[in-house]
Amino acid sequence: HNTHMATLVERTTRFTILVKLKGKDTLSVVHALRKKIKKLPLFLRHSLTWDRGMELALHKQLSIDTPIRIYFC
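Owing to the predicted nature of the structure, the values given are computational and were not obtained by experimental measurement.

A closer look at unusual backbone geometry
Within the chain, Arg-14 stands out as a residue other than glycine whose phi angle is a positive 65°. Relative to the elements of secondary structure, Arg-14 occurs in the loop between strand S1 (4–9) and strand S2 (16–21).

See the structure below:
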C-alpha cells in the first residue's frame with residue numbers, strides 16, 4: 001500500500017513534524033496540514049514555504065483557515 005507523508009520543518013531550529021496523509025490529493029494534504037498547524041504553538045506559526053506540487057493547489061484555503069503566511073520556493 002502507498003503511504004503518504006508531509007513534513008513540516010522549522011527553518012531555524014530544524015524541528016521536524018511528520019504529518020500522515022490519507023492521500024496525496026490537495027484536499028487530503030490541506031486538511032492534514034491545517035489540523036497539525038492549529039496544534040502548533042503560536043510562535044511556530046509565522047510562515048510556510050511550499051514547493052509547486054499540485055497537492056498544494058488549495059494553499060489559499062489553508063491561509064484562510066490558519067494564521068500563517070504561505071510562500072512558494
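Focus: the pattern of salt bridges
A full pass over the atoms with the stated rule returns 1 salt bridge. Notably, a salt bridge pairs Arg-34 with Asp-65, separated by 2.6 Å at the nearest N-O pair. Taken together, the residues Arg-34 in helix H1 (residues 26–39) and Asp-65 in helix H2 (residues 59–65) connect sequence positions 31 residues apart.

Considerations on the environment of Leu-21
Residue placement: Leu-21 occurs in strand S2. Distance from Leu-21 to Ile-68, taken between C-alpha atoms, is 20 Å for residues 47 residues apart in sequence. Apart from residues no more than four positions distant in its own chain, Leu-21 is found in contact with His-4, Met-5, Ala-6, Ser-28, Val-29 and Ala-32.

Rules used in this analysis
Residues numbered from 1 in each chain as written. Predicted model: local features only at pLDDT ≥ 70, side-chain atom pairs only at ≥ 80, totals over all residues. Heavy atoms only, no water. Helix = DSSP H or I, 4+ residues; strand = E, 2+ residues; numbered from the N terminus. Salt bridge = Lys/Arg side-chain N within 4 Å of Asp/Glu carboxyl O. Contact = heavy atoms within 4.5 Å.

Read these as layout, nothing more, since geometry by itself doesn't imply function.
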